[in-house]
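# Remarks on the overall topology
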Protein chains: 2
Amino acid sequence: MDSDGSKRATFETTDRTTVRRLPKRAAYDRQTVYSILDEALICHVGFVVEGKPVVIPTIHARLNDLLYVHGSQASRMLRALREGADVCVTVTLFDGLVIARSAFHHSMNYRSVVVYGVATEVSDRGEKLTALETIVEHVVPGRSADARGPSEAELRGTIVLSLPLEEVSAKIRTGGPIDDEADYSLPIWAGELPFSLRPAVPIADSRLSPEIALPDYVARYRR
Amino acid sequence: MDSDGSKRATFETTDRTTVRRLPKRAAYDRQTVYSILDEALICHVGFVVEGKPVVIPTIHARLNDLLYVHGSQASRMLRALREGADVCVTVTLFDGLVIARSAFHHSMNYRSVVVYGVATEVSDRGEKLTALETIVEHVVPGRSADARGPSEAELRGTIVLSLPLEEVSAKIRTGGPIDDEADYSLPIWAGELPFSLRPAVPIADSRLSPEIALPDYVARYRR
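Predicted model only: the values in this text are computed from it and were never measured.

## Quick word on the overall build of chain A
When you go through chain A residue by residue, the secondary structure sums to five helices and twelve strands. Dimensions of chain A along its principal axes, counting C-alpha atoms only, are 65 × 50 × 40 Å. Put simply, chain A has 223 residues, and 38% of those count as buried. For chain A, contacts bridging at least 24 residues in sequence account for 71% of all contacts bridging at least 6.

## Quick notes on the interface of chain A and chain B
Taken together, the 80 residues of chain A in the interface contact 80 residues of chain B. Secondary-structure elements contributing two or more residues to the side of chain A that touches chain B are strand E2 (43-49), strand E3 (52-58), strand E6 (86-99), strand E7 (107-118), helix H3 (125-139), strand E11 (191-199) and strand E12 (203-204) of chain A. The leading source of residues in the side of chain A that touches chain B is E11(A), at nine residues. Here the side of chain A that touches chain B is built from residues that sort into 49 nonpolar, 16 polar and 15 charged.

## Concerning helix H3 (residues 125-139) of chain B
Counted at 1.5 Å a residue, the expected span for H3(B) with its 15 residues is 21 Å, and the 22 Å between its end C-alpha atoms agrees. Taken together, the buried positions of H3(B) are occupied by Lys128(B), Ala131(B), Leu132(B), Thr134(B), Ile135(B), Val136(B), His138(B) and Val139(B). Packing partners of the buried residues in H3(B) comprise E6 of chain A together with strand E4 (60-63), strand E5 (66-72), helix H4 (152-156) and strand E9 (158-164) of chain B.

## Some words on the sheet that holds strand E5 (residues 66-72) of chain A
All names here are of chain A. Strand order across the open sheet formed by four strands is E4-E5-E9-E8, with antiparallel pairing between neighbours. Edge strands, defined here as strands with exactly one partner in the open sheet, are strand E4 (60-63) and strand E8 (120-121). Against the sheet, H3 engages E4, E5 and strand E9 (158-164), with an angle of about 95° to E5.

## Side note on the pairing of E3(A)
Residue and element names in this part refer to chain A. Counting buried positions over the seven residues of E3 gives five, a clear majority of the element. Across seven bridges, E2 lies against E3 in antiparallel orientation. Note on E3: the bridge partner recorded for Phe-47 is Val-54. Between E2 and the antiparallel strand that follows it, E3, lie two residues; Glu-50 among them carries a positive phi value of about 50°.

## What to know about helix H1 (residues 30-39) of chain B
Residues that lie three or four places apart on an α-helix share one face, since the helix turns once every 3.6 residues. All names here are of chain B. Within the span of H1, buried status applies to Val-33, Ile-36 and Leu-37. One side of H1 carries all its buried residues, which in axial view fall inside an arc of 95°. For H1, the exposed residues set more than 90 degrees away from the buried face come down to Gln-31 and Asp-38. Residues of H1 that are buried in the fold lie against E4, E5, strand E6 (86-99), strand E7 (107-118) and strand E10 (167-173).

## Let's talk about the relation of the copies chain A and chain B
Structural alignment of chain A on chain B gives an RMSD of 0.0 Å, achieved by rotating through 180° and translating 0.0 Å along the axis. Look at the turn and shift together and you get a two-fold axis relating the two. By C-alpha distance to the rotation axis, the residue of chain A lying nearest is Leu197(A), at 2.2 Å. Here 100% of the contact residues of chain A are again contact residues in chain B; the copies associate through an equivalent surface.

## As for the sheet that holds E9(B)
All names here are of chain B. Ordered by their spatial adjacency, four strands build an open sheet running E4-E5-E9-E8, and the pairing between neighbours is antiparallel. For this open sheet the edge positions go to E4 and strand E8 (120-121), each flanked by a neighbour on one side alone. Where E8 meets E9, two bridges bridge the pair, whose relative direction is antiparallel. Counterpart to Thr-120 in the pairing with E9 is Ser-162. Against the sheet, H3 touches E4, E5 and E9, its axis set at about 95° to E5.

## A look at the nonpolar core
The biggest cluster of nonpolar side chains holds 109 residues, and the ones touching the most others in it are Val113(A), Val115(A), Leu161(A), Val113(B) and Leu161(B). Among residues more than four places away in sequence, those in contact with Val113(A) are Val33(A), Ile36(A), Leu37(A), Val91(A), Val168(A) and Ala170(A).

## Points about the pairing of E7(A)
Residue and element names in this part refer to chain A. Across twelve bridges, E6 lies against E7 in antiparallel orientation. The partner of Val-87 across the bridge, within E7, is Gly-117. In the sheet, E7 pairs with strand E10 (residues 167-173) via seven bridges, with the strands oriented antiparallel. Residue pairing across strands places Arg-111 opposite Ile-172, the latter belonging to E10.

So, how was this worked out
- Residues numbered from 1 in each chain as written.
- Chains lettered and ligands numbered in written order.
- Predicted model: local features only at pLDDT ≥ 70, side-chain atom pairs only at ≥ 80, totals over all residues.
- Helix = DSSP H or I, 4+ residues; strand = E, 2+ residues; numbered from the N terminus.
- Buried ≥ 20, exposed ≤ 12 C-beta atoms within 10 Å, placed from the backbone.
- Contact = placed C-beta atoms within 7 Å.
- Nonpolar A, V, L, I, M, F, W, Y, C, P; charged D, E, K, R; others polar.
- Expected span 1.5 Å × (residues − 1).
- Pairing = 2+ DSSP bridges.
- Axes fitted to C-alpha atoms, helices over the stretch in contact; angles between N-to-C directions.
- Arc of directions from axis to C-beta.
- Least-squares fit on C-alpha atoms with pLDDT ≥ 70 in both.
- Core = buried A, V, L, I, M, F, W, Y, C linked by C-beta atoms within 7 Å.

So this is what it looks like as structure tokens:
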């Protein structure tokens with residue numbers, strides 16, 4: 001926040017969020033960070049157990065400048081993190097292969113975000129409900145109005161953690177290969193192969209009553 | 001290895017590779033682990049810097065029971081890991097959304113692998129060349145025969161690390177939602193929305209000579 005309370009358009013960098021390798025690929029502006037976090041369906045959560053790293057994939061969702069993750073009371077990861085452990089949450093969107101003339105310059109197009117911080121458990125009932133609804137809406141926009149909401153027992157059985165978006169960086173590569181000048185004359189194809197994550201045809205649950213129609217938000221799902 | 005030198009079909013579990021949360025989703029057999037590592041285009045590498053976790057996405061490739069990652073001599077990650085640091089490499093394939101009648105039972109279908117161990121730098125020139133070719137072939141099968149191979153300067157500028165596949169587990173979820181029995185009578189659609197990562201039309205490099213044809217391994221690329 002600035003002294004007048006307004007949010008800056010850009011995250012302030014710290015030593016560990018300053019991208020040193022290929023810094024021209026770095027981004028620190030909120031809109032870029034938000035768009036990557038909001039498009040990604042999963043994140044990878046890193047934490048330290050007995051001095052050693054552990055990386056677990058999970059679902060996340062962003063609300064303003066908070067990132068939420070959730071899971072069962074039985075989850076070792078969430079039980080470790082609820083005590084206020086250091087965490088690194090990384091989100092990566094794969095956009096395509098970059099096929100260069102030299103093996104050395106092969107690359108990938110991607111958009112990634114790295115968030116460092118300390119997660120804290122959401123104990124307030126209202127915030128916990130909001131966080132869980134945010135997660136459902138993040139994954140399937142429109143779904144929370146239809147699905148049966150959490151019971152008290154389900155709420156108690158779920159841990160929600162929040163991580164403030166403060167120490168954050170993004171890294172992005174786009175475009176075609178960058179070959180060594182001498183290699184452009186080689187008779188070798190070069191270019192990009194873009195990729196996207198696409199939904200197939202929805203599969204109704206085997207116990208679904210046939211008169212229940214497929215909702216538009218599933219039929220028209222796009223990421 | 002067994003005492004007769006043959007490889008077991010299954011990775012032996014350790015405390016940290018034993019999946020405790022939903023253990024029926026766990027897999028420890030080599031073929032399952034190999035297939036997930038081989039299909040995934042990126043991994044997330046976790047390591048510890050000054051007691052805190054760092055998670056970075058990168059490209060990997062498997063050769064037998066070794067996992068290779070590579071990067072520039074300028075990479076902070078690779079410079080930290082070449083000294084023999086503990087590492088956790090996690091690979092996740094997202095297969096689809098699981099849309100349950102209750103918010104609580106929403107889930108995802110996925111296949112993930114977690115590898116724990118200590119990475120070591122590949123210093124042998126022959127193994128380094130093999131590892132780099134394995135990485136190119138992992139990403140674009142068929143490409144290494146066409147691309148210009150690494151020069152001595154490129155080889156020197158690249159760090160390759162290998163991580164033995166010893167302490168490994170996989171976790172897989174497939175199929176539709178599992179709702180609470182009472183919720184099956186609710187008038188709410190439920191099912192799966194499968195996803196796949198699909199290539200779009202290749203984009204030739206802007207400096208590509210028009211007489212150079214698109215290779216089959218790009219035109220027919222499937223993951």
